[in-house]
Every structure is written in structure tokens, then in C-alpha cells.
Amino acid sequence: MSQNETLTTLETVYDARKTEKDIYKFWEDNEYFKADNTTSKETYSIVIPPPNVTGVLHMGHALDGTLQDILIRYNRMLSKEVLWMPGCDHAGIATQNVIEKNLAKDGLTRHDLGREKFLEKTWDWANTHKNRILEQFKLLGASFDLSRKRFTLDKGCSDAVKKVFVDLYNKGLIYKGSYIVNWCPRCQSAISDIETNYETEPGHLWEISYPLKDEMGAIVIATTRPETMFGDVAIAVNPTDYKYKDLVGKYCVMPLTGRTIPIIADEYVDKSFGTGALKITPAHDPNDFEVGIRHNLPQIKVIDEKGCMIANEYVPPQIQGLTREEAREKTVKMLEEHQVLVRVTEHVHNVGKCQRCNTTIEPLLSRQWFVKMKPLAEPAIEAVKSGKIKFIPERWEKNYLMWMENIRDWCISRQLWWGHQIPAYYHNKTGEMVVALENPDPNNYTQDTDVLDTWFSSGLWPFETMGWPDTNSADFKKFYPTNTLVTGFDIIFFWVARMITMGLEFTKKPPFSTVYIHGLIRDEHGQKMSKSKGNTIDPVDLIEKYGCDALRFTLTYLCTYGGQDIKISDEKFEFGRNFANKIWNASRYVLMNISKSKDELELDSAKFTIADKWILNELNDTVKLVNENLENYRIGEVASVLYDFFRAKYCDRYIELSKIEKNEAVLVYVLDNFLRLLHPIMPHITEAIWQKMPISKETSAILKAKYPVYKSEFEFKTDAEKMETVFETIKSLRNIRAEFNIPLGATIDIIIDNNEELYKQIIPYLNRLAKVNSVKFEKNNNAKKSAVCTVLDTKITVPLEDLIDINQEIARQNKKIEKLMPELKSIEGRLGNDKFVSSAPKEVVEKTKTRKAELEAEINLIKETIAKLS
RNA sequence: GGGCGUUUAGCUCAGUUGGUAGAGCGCCUCCCUUACAAGGAGGAUGUCGGGAGUUCGAGCCUCUCAACGCCCACCA
């Protein structure tokens, strides 16, 4: 059985899933995705944004993965040695949450199990799930090198993390200190600033009277959190506030507890807000914390890690042990009873929430590990400013720089168990701390119980996956730094910024040269997709329903250069499916019509028809556009250019023309080139068809084939351009047929008054595509009862005898003039303007003049026609 | 409060250095023409958010106003 028989005997409806499974297996079996770190070829590498080990494939991955795969496949076809590095992230909080939730079903907490048992359980779970998401990436056609698959908690990554931590510590860039952190009482851990989201919530503003000590009078403060008052250490007012001028330096007595605190002046206080007086609670408010440091005030903690009131001397017994919410209610009640509650007003304010679990954050004084970011940020800013790292689209650069220039220290310790345990060891007796790669003496030293923020290890991803800290590793030498990083804008701060800082600090090189930022996937109403809203679309379902290539093509097509968010709905993917089906059927047709052997299918320019020259020229233009757009990350444009070329040019025109006069070599040549061009976007179908192409090939798979290259000097350009006239003529004649309801079976006769030479060449096309029976060449013909069309300077007359209603035809012609007039008017206006003629570029003036002549000729032709008709 | 983005055909959106607008879907008419009805042919549809400015010329550049969206900051 010959190759093309297998394709041509198949059904007319393309079975995407069957083809895609077979093709992916073919690639895998041949190990085509495996990167070779020993070649001397130019390299191109991408590291995958590691999906969470707990995760399942979602539309964001589908888009992100598709774009990466397109770049990888394109560069592979440019004959580079490519590496797409796959792997997963251990996702500290997210994963631990899942495990704890499972435990909770049995009424257990992680503490019931203990650290060791809990980690064992988590590892089990991670191990059983860690293949799932990368397996799902395979459904996307991902051509990553799974033999190199990494995990952020594997040995190599752990070693890298430890080395980075110890080095940064030794450089003084990591420190441990007591600061206010965002504490999640549910996760029982500190979280970083960017893991905190703020939500607007209705609340109250309570005004409380603090009596002055040893004299009459009181100072009224305003607060949204009365329960924290037990931790107050001062009352602050603005130094320029005349209302309180005399009170600064005096003391007041706290209601309910009777503790004495000073009244201080600090610029931070806003005179116009509330009463202009503010209570200072350094242990439970980040701003108060700063004020406290400035004025050397004590820090009194009254809320614990669970969000409950502490039982200490500062908190009244009735309040001790209550939750934050209960304590607030009770405190207010007590203040009322003591008649020190002056006023309560409604007040909308922003409340910090844990990004992971949406629990209200408690700002808490606590001892945590931090990375000093300023010194690390400087080179990272420089790398972007100098253009060593480029953002696409550019506007994200500004965003990145703004964040980096205002960077704050990064709280990296998390009170979790799942993650990289901090390599700090404390002497069991003396408490002395040692930061080292290994425990200096396990009998006498105990490791810090905290783990590192997940983003600490993902920040090292581009080099820890390449064998670092072994800088002699073959992968590191060959594939680092990587070329492009593809991701969504939502993790620029979390991830991209940290990779840049860490990469520069530890490898002295930017980890990638281009950051390609795409939009987020949204539902058809522009809403973010989320499980709780129930508006998610599962890419795996889409692949089953429409095929992977259809999914990829549709997503790519919807991808704009500006990185706008992408709204999708299930039905939108019919677009890609229909295109795949079209490709399948067109290819079937072409392959069915090849009778020549491989050797006879060489291009022979002596045999080119005008149509051949036209399609080859169109192909060449397409090659140019596709390459340019890929180089410039205008990937959506690539999809659109290829779609237009294939449907409008190749199928609707060239294949139709080939039914009249066939050049098998060209038919096959163009299809071959088109498949190569499209392969990065729709890898499976292009591979499947290419495998069946009866042509000589330089390699065994299209994914290894050469990408088409633009020919800057194309010899048949002028001939090719003539075809536009032909298409215009066919369209005009078809329009006449439609307007006058000429039955499909009926032919027409035409009289052409100009361009005889060209039209003689294309008579067969007119015969077939416009059902033209006879063609006469005749200047100044006087055929009555005719419909007429003009194509530039050529008038084509279609005698219609009884079929025609002259008034209808006159109306039709007038409509044409109407359509052309506005353009002519505007052109006349321009050319009549001396300033335009003198200041516009010569080419533009020339072009405008030419266009004017064309328009005038055409309009005159139509006017003449009307005159003759009536 | 600071920054960014969006506003173009009924819907979803393109529009790369300024030379008067395109696609997909939808709509109307016709066609199962031996690759494809997941298709083909023909057609209709836009004061490019409002206003002002620069320019010979603005969807594109500048300013301004409006609406919607996002990010950062976090005023008790």
C-alpha cells in the first residue's frame, strides 16, 4: 500500500484524537525531544514554569505550554539544539493544605502525625500525583525533554537551595529578625507581602476616650481594631496639630486596664483622619511598628498565632482566650460600660487576606528569616534597563522596575513542614546558631523547624535544573542561560523578578534574555476562571472534543501581541477544529491527485503557469511574514497569516485553479512548505500529513525538518501580480451571476475590450470558475441588454438578453460609482492641496496619483456603460 | 493616592514605523459543483468612546474628559 493511499482512503472528517495519539507516540519512541548537550550547534532553551505538583492542567497551562512549544518547535526547525526543561513545583502551602484537609476528614491534624510521618504522607501523595500534570502536558503536544524532568524538592534542587541560603547568609544578605509579618492564623504561618491580598470590607471606626493622667480631660483616638488596644504603648498625634500641641509629652491612662502610656508626636499621623489621634500598637500593626521603632517604644503582644487573645498581664481576664472577633465585640461592650466609647461610625476599609485560604491576615510581631533585597535588586534593575533582559510586551518592564525600585525585604520563612527546611542549626543547650549545608553535630544541634517560601526554590529554577551548583555540568554549560521565559503577568513579582535576582547573584548571568508575557484566560464574560465560580473550561475535555491541534491553533489565533487577556468559550474551538479538518481534506485532495513519482516532483520553473507563479509568490510572502512574526513574538499574527494563506490563497484559489491546469510539483511543494510553517502551532496534523507526502525529505519527521526561508529575490513577482486581475474578474462575473440569478447550469458569454494578452491566458479559468462559454475580444462593443463589469482599465460585457432588467443593471452600476466616489473625492482633495504634494513623501504622492488615475478610468468606464445602457 | 490597560461591524477581537479600516462568529441570498456542509460562491454592516490639538493627512502621535478592568500602596 502506498503512502498516499492510507490518507486518501480515510474518511473526510479528520479524526484528531486518533492521529494525535499516534503521532505523539511516534515522536516519543524516536526520542526526538531529547536535548543533546554535546553538540556544537547553536542552542535554544526554555524552562517550563513548573506547575504545582498538586495541580491539574488548566487553560492557563494550555496557553502557556502551547506558546512555549511553538517557540521550541520553531527553533528546532531552525536547526538549533533545543531544550525545553520540564518539571514540577512542590508548592508548599498549596500541597500542605491538601494533605491537611485530607487528615481533617479523619479528625486529625498534622501535629497528631508529627513532622516525619506527615512528610512521609505528603511525599507519597506528591509521588503519586507528580506525573499527572506532566502527562497532561503531553496531551498538548509538548515537546519537552522528559528525561530531564525535575522537581523543586529533588536532591539537586535541595542542594542548590541550601547552597544559596548559606551563601546569602554568609554575605549578610539573609538575616533573622523580629518584625511585623503577615500572619495567616489558618495556615499557621508567616506569608510574604505579595501573598497578601486586600479586600474592601465594611467595618466601624470606634472613637475611644483615653483620660489624661493626673489632670482633667482626655484624648480621643479612632481605631478600627479596638481589641488591639491592650497592646497600646502610646498615643500619637501629628506634631503640627495645634489641637493636641499641649498634650504631647503628657501621659494618659488606658481605659479598662489603667496602664499609663505617653502621648507622642509623629509625622505619620494624618491630622484629618478620625480624631487626629492614633493609638500605637507596635506588635499588631506594621505602621505602628515603625512608629514604635522611631520612638523606642516597647512591643506588647496581645494576640497569638491562632488569632486569639493572649492570657497575659496586659489583657483583662474577661478578654483572654477569645478570638479576635469575639474580643472586639467584648471590648467594645466594656468600653461602652465604662462610658469611654465616644462615637461609632460606619467605615469601609481594606482588610488583608491570605492569598491561599482567604483568611484575614493578622499582622504579628514574630521572628522570621528575611532576604535583604536592595543589594540584590540593583543588578536586576540594571539588567532590564540595559536591555540584557527584554520584556515582551515592553510595558511590563515599567511594572517590573517600579516594583524592584521599591522592593522590600522578603520574608522567606514559613511555619510549614512541606518544603526546604531552613539550613540553620541551634545548639540544644547554648542556643548558638550555625548556618551550614549540613548539621555540624546532630547529637547536639537541632535544625530550624521552618521551611522556605516556595518561590525561594522556584527562583533558582533556570539554573538549579541545569546542574548548578556544578558549573561544569554539561547542561549548565550548554543550555544556561536560557533564551525565553514564557509566563503570565500574574507571577512577574513572585517568580520572574526572583529568578532574575538569584540568577544574576549566583551565575552572574541573566537567566534568560526575553520574558514573553501573555494574557490570562478568562471565560466568555471576561470573568477569571475558578472552580468556585464553576466557570472553568477543562483543556483535556477540549482536546477530547476538538483535538489538541484545534485547541492550540485557536488559542494561538486569539493571542494578541499586547498580551491582552483572552476570553474563551467552548464553541470558539470549533474554529481550530474546522481549520484542521480543512487542512486534512485539502491534503487528501492533493495527495490523491499526485500521479508522479518523487523524482518527477522537482520544481521546474519552465513549466510554471501564471497561477503557479502567483501561489509561489504568495507562499514566499507568507514565509517572510511568519518568520518575522515568530522572531518578534507576534504569535497570534502567525496563526492568522497562515490561516489566510491556506484557506483564501491555497484552497479557495490555487487548488481550484489546479483543477483546470495542474502542476503537481507546485501543488506538493506549496503544501510541504505550508505544513512546515504551521508545524510549530499544529504539530500533529502537520506531522501526520507530512509523513504521507510522496516527496524527497531531508529527515524522517517534520519536527526535525527545516523551516522555510524567505527568498528576497523572487523572480516571478510581476507575473504573479497579474493574477489579482484574474481573481477580480472572476469575482465580478460571479457577482453578476448572483445579482441576475443566472442558474448554475447556465453559461455566459463575455466580451472583453482590453488586455487581450493576459485574458487569453486565463480563458480556461474563466470557463470553469465563472462558467464562461465564449470569450470575444472587441473594442467599443455595442452589445445591448448586457451586464457590465470593470476591472481596472478593462470592461467586460456580459450580454444577457431576456435575463436582464436594464434598470436593475443601471442601479447596480450607479451603486458601484457611489462606492468608488468617496475615495476619489478624498484623493482629489489631497492632490489639490499643494502642501500635500510638496511635503508628503514622493512615493506616497505617486501612489496617490496612480490610484486617482485608476479610479477615474474605472468610473469613466462605468459611466460610459450606463450611457450606453439607457 | 500612584501606575497600567481597554473602549474599532450585532458579538469576540486584529490593525507592526501616521497615507481614511480587517478577521472569526453571527446575519441575508444561492449551492450537497467528484478534497472538505467542520464546505463553497456572492452580499450587507463601522461619525474607529467624547472633545481639543499637532500634521498636507490621525484608529494610530499629544492633551483632556468619560466608562470599564487590572496592578501597586494600605490612612488608624
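Residues numbered from 1 in each chain as written. Chains lettered and ligands numbered in written order. Predicted model: local features only at pLDDT ≥ 70, side-chain atom pairs only at ≥ 80, totals over all residues. Heavy atoms only, no water.

1. Regarding the state of the cysteines
One pass over the structure, following the stated rule, counts zero disulfides. In this structure C184 is a free cysteine whose sulfur lies 3.5 Å from that of C357, the closest cysteine sulfur available. The thiol of C187 is not disulfide-bonded; the next cysteine sulfur, from C184, is found 3.6 Å away. Judged by relative accessible area, C187 falls into the buried class, the value being 3%. (Disulfide = S-S within 2.5 Å. Buried < 20%, exposed > 50% of the residue type's maximum accessible area, 1.4 Å probe, protein only.)

2. Description of the packing of aromatic side chains
Any aromatic ring pair is given by two values, namely how distant the centres are and how the planes are angled relative to each other. Evaluation of the coordinates by the stated rule reveals 44 aromatic pairs. Look at F476 and Y480: their rings are 5.0 Å apart centre to centre, the planes differ by 10°, and that puts the pair in the stacked class. The residues F476 and Y480 share a single accessibility class, namely buried. Both rings, one in Y650 and one in Y654, keep their centres 6.1 Å apart while their planes meet at 20°; by these two values the pair is stacked. Residue Y650 and its partner Y654 are located together in helix 20 (residues 635-658), separated by four residues, close to a single helical turn. Residues Y650 and Y654 agree in their burial class; the two are buried. Note that R653 overlies the ring of F727, its terminal NZ or CZ placed 4.1 Å from the centroid. (Phe/Tyr/Trp six-rings, centres within 6.5 Å; stacked < 30°, edge-to-face > 60°. Helix = DSSP H or I, 4+ residues; strand = E, 2+ residues; numbered from the N terminus. Lys NZ or Arg CZ within 6 Å of the ring centre and 35° of its normal.)

3. Description of the environment of M404
Note that M404 resides in helix 11 (residues 395-405). Counting along the chain gives 27 residues from M404 to A377, while the straight-line C-alpha distance between them is 6.1 Å. Those residues in contact with M404, other than ones at most four positions away along the chain, are A377, A380, I381, A497 and T501. (Contact = heavy atoms within 4.5 Å.)

4. Description of the protein's contact with RNA strand B
Around RNA strand B, the structure places 59 residues, and the nearest of them are F273, N287, K398, S826 and F836. Within 4 Å of the protein, atoms of RNA strand B come from sugar and phosphate in 60% of cases. Separating a base nitrogen of RNA strand B from a side-chain N or O atom of K582 is a distance of 2.9 Å. Within the residue set of the surface near RNA strand B, elements represented by two or more residues are strand 8 (218-223), strand 13 (341-354), helix 11, helix 18 (574-592), helix 20, helix 23 (717-739), helix 26 (806-832) and helix 27 (834-839). In terms of residue class, the surface near RNA strand B is built from 23 nonpolar, 17 polar and 19 charged. (Near = heavy atom within 4 Å. Polar contact = N/O pair within 3.5 Å; in protein donor to acceptor, adjacent residues only side chain to side chain. Nonpolar A, V, L, I, M, F, W, Y, C, P; charged D, E, K, R; others polar.)

5. What to know about the nonpolar core
In this structure, M59, Y400, F456, I583, Y650, L733 and I750 are the most contacted members of the largest nonpolar core, which totals 198 residues. Broken down by element, the residue count for this core peaks at 13 residues, all from helix 20. Excluding residues that lie within four positions of it along the chain, Y400 makes contacts with A380, I381, V384, F391, I492, F493, A497 and I500. M229, C252, I263 and V332 belong to the second largest nonpolar core, which has 37 residues in total. (Core = buried A, V, L, I, M, F, W, Y, C linked by side-chain atoms within 4.5 Å.)

6. Brief notes about the environment of I407
By secondary structure assignment, the location of I407 is in the loop between helix 11 and strand 16 (410-411). Accessibility expressed as a relative area gives 8% for I407, which makes it buried. Sequence-wise, I407 and A377 are 30 residues apart; in three dimensions their C-alpha atoms are separated by 7.6 Å. Not counting the four nearest positions on each side in its chain, I407 is found in contact with M373, K374 and A377.

7. Here we look at the sheet that holds strand 22 (residues 484-488)
If you trace the three strands from one edge of the open sheet to the other, you get 15-23-22, paired in parallel fashion. The open sheet terminates on both sides in strands that have one partner only, identified here as strand 15 (390-392) and strand 22. Neighbour-to-neighbour, the strand axes of the sheet open up by a mean angle of 20°, direction not taken into account. Where strand 15 lies against strand 23 (residues 514-518), three bridges are found, and the strand directions are parallel. Bridged to F391 within strand 23 is V515. Here helix 3 (residues 59-77) sits on the sheet in contact with strand 22 and strand 23, set at roughly 160° to strand 22. (Pairing = 2+ DSSP bridges. Axes fitted to C-alpha atoms, helices over the stretch in contact; angles between N-to-C directions.)

8. Quick word on the confidence of the model for chain A
In this model, chain A carries a mean pLDDT of 89, and residues with pLDDT of at least 70 account for 99%. Taken as a whole, residues 1-5 scores under 50 in pLDDT and shows six contacts with residues more than four places along the chain or in a different chain. Predicted as a complex, the structure gets a pTM of 0.92 and an ipTM equal to 0.94. (pLDDT = per-residue confidence, 0-100.)

9. Looking at the pairing of strand 5 (residues 174-184)
Among the 11 residues that make up strand 5, eight are buried, leaving the element largely enclosed by the rest of the structure. Across 10 bridges, strand 5 lies against strand 14 (residues 362-371) in antiparallel orientation. What sits directly across from I174, in strand 14, is V371. In this structure, the hairpin formed by strand 5 and strand 6 (residues 189-191) is closed by a connection of four residues, where Q188 is found at a positive phi of approximately 60°.

10. Thoughts on the environment of I615
Positionally, I615 belongs in helix 19 (residues 610-631). In this structure, the C-alpha to C-alpha distance between I615 and M723, residues 108 residues apart in sequence, is 9.4 Å. Leave out the neighbours within four places in its chain, and I615 touches F645, K649, Y650, Y654, V666 and V670.

11. Observations concerning the packing of helix 2 (residues 16-29) against helix 16 (residues 539-546)
One can describe the packing of helix 2 onto helix 16 by two numbers: an axis separation of 7 Å at closest approach and a directional angle of 110°. Judged on the interaxial angle alone, helix 16 and helix 2 are roughly perpendicular. Every residue of helix 16 that contacts helix 2 at A16, R17, E20 and K21 is listed here: I543, E544 and Y546. Broken down by class, the residue content of the contact of helix 2 with helix 16 amounts to three nonpolar, no polar and four charged. (Parallel < 35°, antiparallel > 145°, perpendicular 65-115°, else oblique.)

12. Some remarks on the pattern of salt bridges
Evaluation of the coordinates by the stated rule reveals 51 salt bridges. Note that D475 and R148 form a salt bridge whose closest N and O atoms lie 2.7 Å from each other. Taken together, the positions of D475 in helix 14 (residues 474-479) and R148 in the loop between helix 6 (115-139) and strand 4 (150-151) put the pair 327 residues apart, joining distant regions of the chain. For D475, a relative accessible area of 12% puts it in the buried group. Take R148: its relative accessible area is 13%, and that puts it in the buried class. (Salt bridge = Lys/Arg side-chain N within 4 Å of Asp/Glu carboxyl O.)

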